[in-house]
Amino acid sequence: MTATTTAAPATTGTGRIGENAVRPDGTLKVTGEFAYASDLWHDDMVWGVTLRSPHPHARIRGIDVAEALAVPGVTAVLTADDVPGENAFGLEHADQPVLAADVVRYEGEPVALVAADHPETARRAARRIRVDYEVLPALTDPLRALDGDAPQVHPGGNLVRHLRLRRGEPRPEAPVVVSLDVEVGMQDQAFLGPESGLAVPDGEGGVDLYVATQWLHVDQRQVCLALGLPPERVRLTLAGVGGAFGGREDLSVHVHACLLALRTGRPVKMSYGREESFYGHVHRHPAWMTYEFGAERDGTLVHGRARTVLDGGAYASSTAAVVGNAGTLGLGPYRFGSVEVDVYGVFTHNPPCGAMRGFGCVQTAFAVEALMDRLAEAVGLDPVEIRRRNGLREGDRNITGQVVDSAAPVAELVERVAAMPLPPPADPGDPRARPGAVGNTTRGEGVRRGVGYAVTYKNVGFSEGFDDYSTARVRLQVTAGEPVAAVHTAAAEVGQGLVTVQQQIARTELGVDRVVVVPADTSVGSAGSTSASRQTYVTGGAVRAACEAVRAAVLRRAAVALDVAVDGLRLDGGKVLAADGAVLAALADVLGDDAVEETVEWRHRPTHAIDPETGQGDAHVQFAFSAHRAVVDVDVELGLVKVVALDTAQDVGRALNPDAVVGQIHGGSAQGLGLALMEEVVVTDGHVRNPSFTDYLLPTVLDMPPMRVEVLEYADPHAPYGVRGVGEPPTISSGPAVAAAVRAACGRPLTRLPIRPEHITGT
Amino acid sequence: MRVTVTVNGTERTADDVWPGESLLYLLRERLGLPGAKNACEQGECGSCTVYLDGEVVCSCLVAAGQVAGREVTTVEGLTGAGGAGLHPVQQAFVDAGAVQCGFCTPGLVVAAHDLLARVPEPADPEIREALAGNLCRCTGYEKILDAVRLAARRQAGR
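Note that the coordinates shown come from a computational prediction; the quantities given were computed from them, not determined experimentally.

Q: Lay out the overall build of chain A with the relevant residues and their values.
A: Check the secondary structure of chain A and you find 16 helices and 31 strands. In terms of C-alpha radius of gyration, chain A reaches 27 Å, essentially the compact-globule figure of 27 Å for 763 residues. Put simply, chain A has 763 residues, and 60% of those count as buried.

In structure tokens:
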């Protein structure tokens, strides 16, 4: 095992794994030529828009579309009656109507569709649809969802999933007991590229859909169900994706655009504005958490108890899996003797919640890390030592009894961030360095500096027995005299750089320079979702396996042609080499006019369901660890925060593209900082109050501090190349570190996230 | 209405423009220039940044009719003649790893291009101020800052 700190040298080398290969789509993206889903255009296309419910809960008594249909330029108006297949979709349970038929269950639920020759014509026509609503009482307090007299969101009751986890002695004694309640607000993924797609009818009753998404095949399954068509007649191609972060796991425009295209016989483009985007995708679950830790007087943890309620909103989406993470990983990367955890995911008439980067670990980390700091204070340790002392190590069992069977460097990670140099005090003469900046809010009288730490771990890949696989097709042939590899998967590139990694793997395994990544579509098998930090691991594993199959076939061919033994032959530099490195033949000559193609379905080690009574089991395939240290200046009189430094250390197993790894860590850290300090979808009585970038605040370049990143590479022996998922841990440990730093500066408990100015000032 | 405007050095005309359309819509949907992006359409994210008569603007906040007879330069117009070669700012974004999903990139490239035209060697606080109107959700801005510093160094010939 080696630990290295990447200084990210700016070299591209030969573009193999471990190097900072540049993105193949980089040039197109800086020139404005890259085709995002919202850029798509087709001759004769019309625009589709969605009419959404203004009520969190209402019965639809009738819909009159006549006036909308009469608007010049309108080509179609559709309601639930026009859904030819099953009027239902959903990631895990098909519980959500494509268009509401009799009841709407959240503000923003789609009710009708309009197609017209201009988007504004379509929007105006949609406003002329008369929907007769009978407003019903709405359940908007998730803490009341399981009360007997609560309104029922669905006939089966308001519980999506209860995870019960018990381990060790029930109710053990501990000399030191600390507890707290923490609440985390609803975060939005806020990808910049709005939900968009283009549906093109094929003239034979089928449709081609070009759409921004995270998982083409799970989309295809749902679209087919709603259209009543077989998969061969509903073909999906990935359009350019402007960020995802979990918010594109569920369907948005998909079925709607296809319905309009099949009805009008014309290509239909749909593209949400920002306000509709806030209604058009799931958010991160808000959480209410009650936590208790018991410890010895030296700070060694004895027991952990947690009760967490996650508001799933009106439909199931991925709530059950989020509950799974909030439970199985819900006490953080620490050793406990005894554990009692209950997590409830509930239905309400609030906006549906589902996947977002960090997936159930982000919310619980705020509680766990705040409580660890409280424990440290109670036993007289500092925040670094309490984590160092209790952190998981390789070979330990976590709270579901699973052995952590590769690196678990909790102690090292917190030590590393603690050892990084601290930033100097703010320059008192530069107002830009103060909280409030040039707003002339302070001359620094009430500014206090605080430092906070947090550490986390997160599962990589899909868990609890899910059949998590990816498919890769690799083809090697001679083009213009040169061997060229083509890599074809259905994996969604959403910005993270998977296309680069696919090229790097193919170059490494096949010893060629030129690698083409074929556009992702459903003509090849499923790659699984671009989520759970899993694609480099799983699709990377599939691409490597397909390359190995191609290489084996080529070498067999070379052995026959050259009349040598196949053992020891290898490919490099476009040549077939002997074991001693001697060049035996040009790869182009061995291939001739033939293409060698292999398709491989690749799986990681299986995971297992957890025991329904105890929550015990080997639920996860891999864990990824990170630690953050935040340094903040807080104006304790005005409640303003400036983050001065946000430094991190993370074990990535092996960095296939070190620059891209660091980029993921930077971006993930920013999203955690955002949740700690500013990002919240404010929902009152079931209504979203801030569906815009004016009122939903994202960190700007002025809000982000310089970030020092140390990347450790403790290879996971069970994973391809030793990789470990990268994308999510930074989003989990950054926010709690920022919150801890603000607490340290102002001395208040700050148990509600995001922290607001009035929480800091206590006013 | 009819709008005639010079875009990236070429006079262009669009007919049947609805008065409520923005410059962003005109560029993207009528003139075939989708480089400027539609992320918020209310001037908060900077993804639609273009030059209007040499000043950077959010094209979503400019009515299409307002640009009649004026000059617009978009991210597509920053490359060399005939699209040959990247502008140093564009090249620096690629080289520094400042591009992930890339949806903010065209707006940031134009904003950085404008900054370096005005201030060839900006200090970090100046870069941050100049880019404060451009949201990025992927990068945490660190590599975007690297890109601007790199472009400044290269333009200064160092």
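Q: For the domain arrangement of chain A, give the residues involved together with the corresponding values.
A: Residue and element names in this part refer to chain A. The assigned domain composition of chain A is domain 1 (1–11 + 404–459 + 620–763) and domain 2 (469–603). Taking the mean C-alpha position of each, domain 1 and domain 2 sit 38 Å from one another. The interface of domain 1 with domain 2 comprises 12 residues on the first partner and 12 residues on the second. In terms of residue class, the side of domain 1 that touches domain 2 is made up of seven nonpolar, four polar and one charged.

Q: Mind laying out the interface of chain A and chain B, listing which residues take part and the relevant values?
A: Counting residues at the interface gives 45 residues for chain A and 43 residues for chain B. Counting only elements with at least two residues in the side of chain A that touches chain B, the list comes to helix 1 (26–31) and helix 14 (658–677) of chain A. If one sorts the elements of the side of chain A that touches chain B by residue count, helix 14 of chain A sits on top with seven residues. Residue composition of the side of chain A that touches chain B, by class: 19 nonpolar, 19 polar and seven charged.

Q: Account for the sheet that holds strand 24 (residues 583–586) of chain A, with residues named and values stated.
A: Residues and elements named next belong to chain A. Read from one edge of the open sheet, three strands run 22-23-24, paired in antiparallel fashion. The strands lining the two open edges of the sheet, one partner per strand, are strand 22 (570–572) and strand 24. Within this sheet the neighbouring strands show an average axis-to-axis angle of 35°, counted without direction. Sheet topology places strand 23 (residues 575–577) next to strand 24; three bridges connect them, and they run antiparallel. Bridge pairing links Val576 to Ala585 in strand 24. Sheet strands touched by helix 12 (residues 535–562): strand 22, strand 23 and strand 24. Its angle to strand 24, the strand with the most contacts, is close to 105°.

Q: Give a description of the environment of Gly452(A) that names residues and reports values.
A: With respect to the helices, strands and loops of the structure, Gly452(A) is situated in strand 18 (residues 447–460). For the pair formed by Gly452(A) and Glu369(A), sequence separation is 83 residues and the distance between their alpha carbons is 9.9 Å.

Q: Just give me the short version of the domain arrangement of chain B, but keep the residues and values in it.
A: Residue and element names in this part refer to chain B. For chain B, the domain assignment lists domain 1 (3–77) and domain 2 (81–155). In this structure, domain 1 and domain 2 have C-alpha centres spaced 21 Å apart. If you look at the interface, domain 1 gives 13 residues, while domain 2 gives 11 residues. When residues of the side of domain 1 that touches domain 2 are assigned to their parent elements, the largest contribution, three residues, is made by strand 3 (residues 49–52).

Rules of the game
- Residues numbered from 1 in each chain as written.
- Chains lettered and ligands numbered in written order.
- Predicted model: local features only at pLDDT ≥ 70, side-chain atom pairs only at ≥ 80, totals over all residues.
- Helix = DSSP H or I, 4+ residues; strand = E, 2+ residues; numbered from the N terminus.
- Rg over C-alpha atoms; globule rule 2.2 N^0.38 Å.
- Buried ≥ 20, exposed ≤ 12 C-beta atoms within 10 Å, placed from the backbone.
- Domains from an automatic or database assignment.
- Contact = placed C-beta atoms within 7 Å.
- Nonpolar A, V, L, I, M, F, W, Y, C, P; charged D, E, K, R; others polar.
- Pairing = 2+ DSSP bridges.
- Axes fitted to C-alpha atoms, helices over the stretch in contact; angles between N-to-C directions.

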